[in-house]
Amino acid sequence: MANNQQLSTKHLLGIKYITAEDIRLIFDTAKNFKEVINRPIKKVPSLRDITIANLFFENSTRTRISFELAEKRLSADVVNFSASSSSVKKGETLLDTVNNILSMKVDMVVMRHPAPGAPQFLAQHIDANIINAGDGTHEHPTQALLDAFSMEEQVGDLRGKHIAIFGDILHSRVALSNIFCLQKLGAKVKVCGPPTLIPKHIDTLGVEVEYDVKKALAWCDVANILRIQLERQDIKYFPSLREYAQYFGINKKLLDQLDKPIVIMHPGPINRGVEISSDVADSDHSIILQQVENGVAIRMAILFLLAARVSEARQKSK
Amino acid sequence: MDLLIKKATIIDPESDYHRKQVDVQIREGKITHMADEIEGKDTAVFEVPDLHLLPGLMDVGTVVGDPGFEHREDMYSASKAAAAGGFTALACYPNTQPVVDSKSGVRYIKNNEEDLVVNFYPIGAVSEKCEGKDITEMIDMYQAGAVAFSDGQHPIQHNGMMMRALQYVKSFDGVILNHPHDISIASGGQLNEGRISTMMGIKGIPNMAEELMVQRDIYLAEYTDSRVHIANISTAGAVEMVRKAKKSGIKVTASVPALNLKFTDQELLNFNSNLKVLPPLRTETDRQALLEGIKDQTIDFLTSNHVPLEEEAKKLEFSFADFGAAGLETAFLLSWQILKEEVSLEDMVRLWSRAPREMLKITLPTIRPGTLARLTLFQPSIPWQVDPKRLYSKSSNSPFTDEKFVGCIRGIINGRKSEIFDR
């Protein structure tokens, strides 16, 4: 896969640190990889000499499997580490844990961590290329890229398109990365949810706020519905799931009232019957499973492009 | 100690020698003679360019750590760091282990202070163990040498207890210091709430968390007709509230940390945990309001907001790192760097030497023959660069690693003791 173009950065720490050109390059590369993973033989040798550590300090199923598949399809050597089976519980610092792993000659680190900014912290102290697989309530850049990529497949060029993000914006790294990514691609973004779950200053990012689900649905071309992050809510932000589902959940009845079809997305895992009803999640408008497929292609593209920076660094050090 | 200081410009509006360049003879801890030219016989002579003598500076609300957290800062290292920053006196917070909430805690500090170059003035706790429940034996502590009362790093949340504390200290015209920080509003916040915290995906501390408590403390001071000091304010709204309260004659004073005059939350976008402090760094609008408050004397004095922390508590992911920065050694110079175009050296003396002592009712040092020598040796126009290896605080959480300041502290003289640095 000949590609002379390069990303502007050696890490993927967040969407706010990359350019619109970077995003386009990732998408173009991902299109090629999407074709690869639909072949009978789904594997290419591009990352044969690259070792990647997947460090998951927080639970994850799909992101972790998606990254691991992407790495394996690129023929990288992969090691997995998760907090539950790790030394983190023994009181080791993040820096020590990572340095120990890097001593075993690892080139790239894919990290999920509960603390916002943990990947930046790491990037300031270690040499390896870092991919942020979600850092607390900060960013989840690969999710935003696969979301925007999936949206483009459905509605074409995102410039001027209306994208609404529904749900728990306050505790969502997906929302923040989505906002940065969609704005870089020229889309208009609105967020919708109960006021207690919308960051007070979100408008300073150029985002509109809507509390009425019906109005937000009528406005948008694409509805990206987020999960209620109960595990991050230390206090009660809304009284009950029942009331939430009733006033902020997306159901078939709401969609039937619209005068146009809209695309329904969800980064998963979904709470059926809470933020999204089953008849919406399983409807023709929903592209939830396409998102998952695109996730592998997008992650392959990012790994591939960042690995080029590893090879470049190796050349220089010779 | 005996020393002859040559060609020093005196900055002390209370002295006849104010703004004059003279030689100063010090014998046995006292200023014995001041004149245009003094012959140095059998005494050490100190002469450096652009030397100014200021009445010894004082920091209010220093966190020391002795007893209990000596690995962060003990009284010796705090004293050394204070001297390096130009301070001859520290009023230290009770946030030690055990908390200074009885006269024995006050006496521990007074007893250990004797051998040190800097004077330590204990601030007693308002509530037992600084838990915010029951008020302490404040009269007893006052008699033992406590100069003020505060729960220090634990802002007083309970309105009723704050009211009773203010009433109680009236019997000896005491003063209560409180950091305005409403925990139920700030809950979990890690930095100023605004565009920056939103971009970082981190819960913010709204201005209101500070301002609700500033207004509460002003109300309570008015109701009780007692003295309150609102320590380390950081928002434009808080400055305005203090300004109004002062105009209506309420007994309120206020201070601002030097660091908040320099930085805004913009500096945190790269998750720099060394600048994770309380009060948080706010916006440029707030910073400008603080500067305005200093100029019109709404702000009475400045503080180092010195919170020494070990590397293990700071070199961490942003949300896991503790709040606080070491400031003793750089606070005065930092404020001089920011303010020197706007305020005079006389103002600097008011902000760092007179006003804190007036609030605490401590004798003001003056620079004239016959008085105790309590001096800060300062070169306002000589550059000095921070060298982290030559900072005296036990903790390494100074946000300044190689900052170049215009202005150099050469040391202090405090009675018979002195600390002079080769810089």
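Here goes a summary of the coordinates provided. Predicted model, so just to flag it, every value in this text is computed and none were measured.

### Considerations on the packing of helix H5 (residues 141-155) of chain A against helix H11 (residues 288-317) of chain A
All names here are of chain A. Interhelical geometry of H5 versus H11 gives an angle of 120 degrees and a closest axis separation of 8 Å. By the angle between their directions, the pair H5 and H11 is classed as oblique. The handedness of the crossing between H5 and H11 is right-handed. Here Thr-142, Gln-143, Leu-145, Leu-146, Asp-147, Phe-149, Ser-150, Glu-153 and Gln-154 of H5 come into contact with H11, specifically with Gln-290, Gln-291, Asn-294, Gly-295, Ile-298, Arg-299 and Ile-302. A class-by-class count of the residues in the contact of H5 with H11 yields 5 nonpolar, 8 polar and 3 charged.

### Topic: a nonpolar patch on the surface
All names here are of chain B. Together, Ile-185, Met-208 and Leu-212 give the surface a local cluster of nonpolar side chains, amounting to about 240 Å² of exposed area. Note on placement: Ile-185 falls in helix H5 (residues 183-186). Residue class for Ile-185 comes out partly exposed when judged on its relative accessible area of 30%.

### Quick look at the side chain of Asn178(B)
Residues and elements named next belong to chain B. In this fold, Asn-178 is placed in strand E10 (residues 175-178). Residue Asn-178 is classed as buried on the basis of its relative accessible area, which comes to 1%. Only 3.0 Å separates the side chain of Asn-178 from the backbone nitrogen of Ile-156, close enough to count as a polar contact. In this structure Asn-178 touches Pro-155, Ile-156, Met-162, Met-213, Arg-216, Asp-217, His-229, Ile-230 and Ala-231, once residues within four positions along its chain are discounted.

### Observations concerning the sheet that holds strand E2 (residues 77-82) of chain A
All names here are of chain A. Judged by pairing direction, the sheet is parallel, and its 4 strands sit side by side in the order E2-E1-E3-E4 without closing on themselves. Each edge of the sheet is formed by a strand with only one pairing partner; in this case those strands are E2 and strand E4 (129-135). Geometrically, the sheet is characterised by an average inter-axis angle of 15 degrees between neighbouring strands, direction not taken into account. Sheet topology places strand E1 (residues 51-56) next to strand E3 (residues 108-113); 5 bridges connect them, and they run parallel. Residue pairing for E3: Phe-56 is matched across the bridge by Arg-112.

### So, the interface of chain B and chain A
With 19 residues of chain B in contact, the opposing surface of chain A contributes 28 residues. Taken together, both faces of the contact between chain B and chain A bury some 1700 Å²; the carbon and sulfur share is 63%. Seen at the junction of chain B and chain A, the total is 0 salt bridges. Here chain B is connected to chain A by 7 residue pairs in polar contact (both at pLDDT 80 or more). Classifying every residue of the side of chain B that touches chain A by side-chain character gives 8 nonpolar, 6 polar and 5 charged.

Criteria and cut-off values
The numbers attached to residues start from 1 for each chain and follow its sequence in the written order. To read the labels, note that chains go from A and ligands from 1, taken in the order they are written. Local features are withheld for residues below a pLDDT of 70 in this predicted model, meaning they are given only at 70 or higher, and side-chain atom pairs are given and counted only at 80 or more; totals for whole chains, interfaces and linings count all residues. Only hydrogens and water are removed before side-chain values are computed, so all heavy atoms of the structure are retained for them. With axes taken as lines fitted to C-alpha atoms, and helix axes fitted only over the stretch in contact, angles between N-to-C directions fall between 0 and 180 degrees. Strands are runs of DSSP state E lasting at least 2 residues, helices are runs of H or I lasting at least 4, and numbering of each runs from the N terminus. For this classification, under 35 degrees means roughly parallel, over 145 means roughly antiparallel, 65 to 115 means roughly perpendicular, and everything else is oblique. Crossing handedness is defined as follows: a turn of the near helix away from the far one that is anticlockwise and smaller than a right angle gives a left-handed crossing, while the clockwise case is right-handed. By definition in these notes, contact holds between two residues if any of their heavy atoms fall within 4.5 Å. For this scheme, ten residues count as nonpolar: Ala, Val, Leu, Ile, Met, Phe, Trp, Tyr, Cys and Pro. Four count as charged, namely Asp, Glu, Lys and Arg, and the remainder, Gly too, count as polar. Exposure above 30% relative accessible area and the absence of a salt bridge qualify a residue for a patch, where like charges join within 9 Å and nonpolar side chains (Val, Leu, Ile, Met, Phe, Trp, Tyr) within 5 Å. For accessible areas, the Shrake-Rupley method is used with a probe of radius 1.4 Å. Any residue's cover is judged against the shown protein chains and nothing else. A carboxyl oxygen of Asp or Glu within 4 Å of a side-chain nitrogen of Lys or Arg is what we treat as a salt bridge. Note on classification: 1.4 Å probe, protein chains only; a residue is buried when its accessible area is under 20% of the maximum for its type, exposed when over 50%, partly exposed between these limits. Under the rule applied, a polar contact is a pair of N or O atoms within 3.5 Å (in protein, one hydrogen donor and one hydrogen acceptor; residues adjacent in sequence only if both atoms are side-chain atoms). At least two bridges found by DSSP between two strands is the condition for calling them paired. Take the accessible area each of two parts loses on contact, using a 1.4 Å probe, and add the two losses: that sum is the buried area.

This is a description of form; function is not addressed.
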